[in-house]
Amino acid sequence: MDPFAPLGRDVRLRGRKCGHSPGDVPATDCQADATWHIAWDAALENGLACDAHMDEARARYVFVDSHRIGPDCQMPGAFWDFDNKRCGYPDEPITEAATAERLATA
């Protein structure tokens, strides 16, 4: 049995909603807001999950990494920042000051 999650259809057009969809059809899509960003495999195929479905993913599958959703997740040009458990941009300084400023204006 493959320990990795089966990848279904592309659900990015749903915004930041959970990507869980039993049967992989729109009628069964989870309607909850996503709270987690998951890198499913080494190619960084990724998806979003709500808290309940993240718990299910942890229990059932192997995946490369995950982090709480942040402002850069799913933005064009963003990269997976494994060290800081977030998404970021190559030209962005990752410093405490920049993070504090971003949070203060959010």
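Residues numbered from 1 in each chain as written. Predicted model: local features only at pLDDT ≥ 70, side-chain atom pairs only at ≥ 80, totals over all residues. Heavy atoms only, no water.

Student: Sorry, what's going on with the pairing of strand β2 (residues 46-49) here?
Tutor: Regular strands have side chains that alternate between both faces of the sheet. Two strands pair when backbone bridges link them, and strand β1 (residues 36-39) and β2 are joined in this way by four bridges, in the antiparallel orientation. Of the residues in β2, the one forming a bridge with Ile38 is Gly47. Taking the residues that link successive antiparallel strands as the turn, the β1-β2 hairpin has six residues, and the phi of Leu44 there is positive, at about 60 degrees. (Pairing = 2+ DSSP bridges. Helix = DSSP H or I, 4+ residues; strand = E, 2+ residues; numbered from the N terminus.)

Student: What should I look at first to understand helix α1 (residues 51-60) in this one?
Tutor: For an α-helix, the turn length of 3.6 residues means that residues three or four places apart are oriented alike. Turning to α1, its buried residues are His53, Met54 and Ala57. Looking straight down α1, one finds that the buried residues subtend no more than 105 degrees of arc, so they occupy a single side. The exposed set on the far side of α1, more than 90 degrees from its buried face, consists of Ala52 and Ala59. Where α1 is buried, its residues touch β1, β2 and β3 (65-68). (Buried < 20%, exposed > 50% of the residue type's maximum accessible area, 1.4 Å probe, protein only. Arc of directions from axis to C-beta. Contact = heavy atoms within 4.5 Å.)

Student: I'm lost on the confidence of the model for the chain in this one. Help?
Tutor: The predicted coordinates of low-pLDDT regions are not to be read in fine detail. A residue-level look at the chain finds 75% of positions with pLDDT of 70 or above and a mean pLDDT of 82. Mean pLDDT across the elements of the chain bottoms out in helix α2 (residues 96-105) (63) and peaks in β3 (97). (pLDDT = per-residue confidence, 0-100.)

Student: Whenever I open this one, the side chain of His67 confuses me. Can you help?
Tutor: Summarising the element assignment, His67 is placed in strand β3. Once residues lying within four places of it in the same chain are set aside, the contact partners of His67 are Thr35, Trp36, His37, Cys73, Trp80, Lys85, Arg86 and Cys87.

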